[in-house]
Amino acid sequence: MKLIRLFSAILPAMIMISGCQDNSNTDEKLNQAFNHARSGDWKSAAKIAAEISEKYPQAVQPMLIQALAFEKNGELDKAIDLARHAADAAPKDFTAQYTYGRLCSLTPRRQAEAFSVLENALKLKPEDADTLVLLCSIGINRNEPSTDQYLNLLTHNQAFSRSAELYFMLGARQAQKGNRDASKRFMMDALNKCGGSRNPDFYYHIAKCFDRNRFPLNEVKNRYAFYLRIRGKKNPEYVAAAGKRLLQLKSSR
């Protein structure tokens, strides 16, 4: 989640923490936590947020800051747990629901949970592009029936309607449905919008999509091989995965 989303959504709620208590020191501390987070000093941000949480355990804002700090530190389970507490404490707070759903989406075993939470977030802020992108991505992976509805909303979202990511997801959805020609057209549109060979990782994701959806073997092999030719040794994780899969496919016949 972009930090600007977090800050713009929860800065006004500072008044909710201190307004009834006339505690300007709490406002000052929360501001300090935000500023540390903005500068990338998540350790200091989390420390200050934890101090606020000790005094106001149900305050959503410091919980979210600590959750994001755990995420930045690679402690995803702790991040999700704290975000869940924030979402439970504020079921009508979009930022809390979105953060909880987004964090759940980062782990394979919690995709169903992420999808459900993000659907709730979308009800709080209909047509939000970031929420729709996650719902479409998870929905395609899980073949959720409502995925087409969310893709349709995304195509009408002015901020996202011309993005390469949207066209890739449309192509992936058509591949999932067995509409190969339509899938290829959307994927070509995605490549055109992202600059084609200037963004070679898109070729890898297309190869994986066609592979997953059982496109003709030779076409899948050619897709992986083409990616390896244009990618060289950059992005070693993708290169290794593509090379390994290509060898498996070549040995399958």
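Residue positions are counted from 1 within each chain, in the order its sequence is given. Totals for whole chains, interfaces and linings use every residue, but because this is a predicted model, local features are given only for residues with pLDDT of at least 70 and side-chain atom pairs only at 80 or more, for both listing and counting. Side-chain descriptors were evaluated using all non-hydrogen atoms of the structure, hydrogens and water having been removed beforehand.

**Q** Before we go on, may I ask you to explain the overall build of the chain in this structure?
**A** Elements are defined by DSSP. Helices are runs of H or I of four residues or more, strands are runs of E of two residues or more, and each kind is numbered from the N terminus. Helix and strand content of the chain: 15 helices and zero strands. The dimensions of the chain, computed from C-alpha atoms along their principal axes, are 70 × 35 × 30 Å. Nonlocal contacts in the chain, meaning residues at least 24 apart in sequence, comprise 50% of its contacts between residues at least 6 apart. All accessible-area figures derive from a Shrake-Rupley calculation using a 1.4 Å probe, and residue coverage is judged against the displayed protein chains alone. When the accessible surface of the chain is split by element, carbon and sulfur atoms take 49% of a total near 13,500 Å². Charged side chains of the chain number 38 positive and 26 negative; the gap between the two group centres comes to 11 Å. Here a residue-residue contact requires only that any non-hydrogen atoms of the pair lie within 4.5 Å. All tallies of charge rest on Lys and Arg as positive and Asp and Glu as negative; His and the ends of each chain are not included. The location of each charge is read from NZ of Lys, CZ of Arg, CG of Asp or CD of Glu.

**Q** Is there a simple way to think about the confidence of the model for the chain in this case?
**A** The predicted structure's coordinates, where accompanied by low pLDDT, should not be read in detail. In predicted models, pLDDT denotes the confidence assigned by the predictor to each residue on a 0 to 100 scale. With 90% of its residues at a pLDDT of 70 or more, the chain has an overall mean of 89. Note on residues 7-22: pLDDT under 50 across the span, and 26 contacts to partners over four residues away in sequence or across chains.

**Q** Would you take a moment to explain the pattern of salt bridges for this structure?
**A** Between side chains of opposite charge, a pair can form when the charged atoms approach closely. Should a side-chain nitrogen of Lys or Arg be within 4 Å of a carboxyl oxygen of Asp or Glu, the pair is scored as a salt bridge. Applying the stated criterion across every chain, the model contains 15 salt bridges. Among the salt bridges present, the one from Asp81 reaches Arg84, with a minimum N-O distance of 2.8 Å. In this pair, Asp81 and Arg84 both sit in helix H6 (residues 76-89), three residues apart, roughly one turn of the helix. For Asp81, a relative accessible area of 35% puts it in the partly exposed group. On the basis of relative accessibility, which here comes to 28%, the residue Arg84 falls in the partly exposed class. Three or more residues joined by partner-sharing salt bridges are found here, namely Asp81, Arg84 and Asp88. For every residue, the accessible area (1.4 Å probe, protein chains only) is compared with the maximum for its type, and the residue is labelled buried under 20%, exposed over 50%, or partly exposed between those bounds.

**Q** It is not clear to me how the packing of helix H12 (residues 180-194) against helix H13 (residues 201-212) should be interpreted in this structure. Could you clarify?
**A** Packed helix pairs are characterised by how far apart their axes lie and by the angle those axes make with each other. Where H12 contacts H13, the axes come no closer than 11 Å and their chain directions differ by 165 degrees. Between H12 and H13, the angle is such that the two are roughly antiparallel. Handedness of the H12/H13 crossing: right-handed. The segment H12 lies against H13, with Ser183, Lys184, Met187, Ala190, Leu191 and Cys194 engaging Phe202, Tyr203, Ile206, Cys209 and Phe210. When residue character is reported, Ala, Val, Leu, Ile, Met, Phe, Trp, Tyr, Cys and Pro are called nonpolar, Asp, Glu, Lys and Arg charged, and the others, Gly included, polar. For the contact of H12 with H13, a count of residues per class yields nine nonpolar, one polar and one charged. In this analysis, axes come from line fits to C-alpha atoms, helices being fitted only over the stretch in contact, and the angle between any two N-to-C directions falls in the range 0 to 180 degrees. Here is the rule for angles: anything less than 35 degrees is roughly parallel, anything more than 145 is roughly antiparallel, 65 through 115 is roughly perpendicular, and the remaining ranges are oblique. Note on convention: the crossing is left-handed when the near helix lies turned anticlockwise from the far helix by less than a right angle, right-handed when the turn is clockwise.

**Q** Any chance you could explain helix H5 (residues 60-72) here in plain terms?
**A** Two residues of an α-helix separated by three or four positions point the same way, owing to the 3.6 residues in each turn. End to end, H5 covers 19 Å across 13 residues, agreeing with the expected 18 Å (1.5 Å per residue, within 8%). In terms of residue burial, H5 counts as a mostly covered element, since ten of its 13 residues are buried. Of the residues making up H5, those classed as buried are Val60, Gln61, Pro62, Met63, Leu64, Ile65, Gln66, Ala67, Leu68 and Ala69. Trailing H5 by a residue or two, Gly74 shows a phi angle of about 80 degrees, which is positive. A helix is expected to reach a length of 1.5 Å times the quantity of its residues less one.

**Q** What should I look at first to understand the packing of aromatic side chains in this one?
**A** Note on aromatic pairs: each is described by the distance of the centres and the angle between the planes. Note on aromatic contacts: the rings of Phe and Tyr and the six-membered ring of Trp form a pair at centre separations within 6.5 Å, being stacked when their planes are under 30 degrees apart, edge-to-face when over 60 apart, and tilted otherwise. Under the definition given, this model contains eight aromatic pairs. Between Tyr204 and Tyr238, the ring centres sit 4.6 Å apart and the planes meet at 25 degrees, which makes this aromatic pair stacked. Note that Tyr204 is positioned in helix H13 and Tyr238 in helix H15 (residues 236-251), a separation of 34 residues in sequence. Aromatic rings pair up to connect Tyr204, Tyr227 and Tyr238 into one cluster. Any Lys NZ or Arg CZ that is within 6 Å of a ring centre and within 35 degrees of that ring's normal is treated as a charge sitting over the ring. When the ring centre of Phe215 is taken as origin, the NZ or CZ atom of Arg180, which lies over that ring, is 5.2 Å away.

**Q** Would you mind showing me how to read the nonpolar core here?
**A** Burial of nonpolar side chains together is a common tendency in soluble globular proteins. The definition of a nonpolar core used throughout is a set of buried Ala, Val, Leu, Ile, Met, Phe, Trp, Tyr and Cys residues joined through side-chain atoms within 4.5 Å. The biggest cluster of nonpolar side chains holds 62 residues, and the ones touching the most others in it are Leu154, Met169 and Tyr224. Broken down by element, this core gets its largest block of residues, eight residues, from helix H11 (residues 164-176). The residues touching Leu154, leaving out its near neighbours within four places in the chain, are Ala129, Leu132, Val133, Cys136, Phe160, Ser161, Leu166 and Met169. Core analysis: the next-biggest nonpolar cluster, separate from the first, contains 15 residues, Ala33, Ala37, Ile48 and Ala69 among them.

**Q** I'm lost on the packing of H6 against helix H7 (residues 94-105) in this one. Help?
**A** Axis separation between H6 and H7 bottoms out at 8 Å; the angle between their running directions is 155 degrees. Compared by their axis directions, H6 and H7 come out roughly antiparallel. Here the hand of the crossing between H6 and H7 comes out left-handed. Judged by residue contacts, Leu76, Ala79, Ile80, Ala83, Arg84, Ala86 and Ala87 of H6 engage Ala96, Gln97, Thr99, Tyr100, Leu103 and Cys104 from H7. Of the residues that constitute the contact of H6 with H7, the class distribution is ten nonpolar, two polar and one charged.

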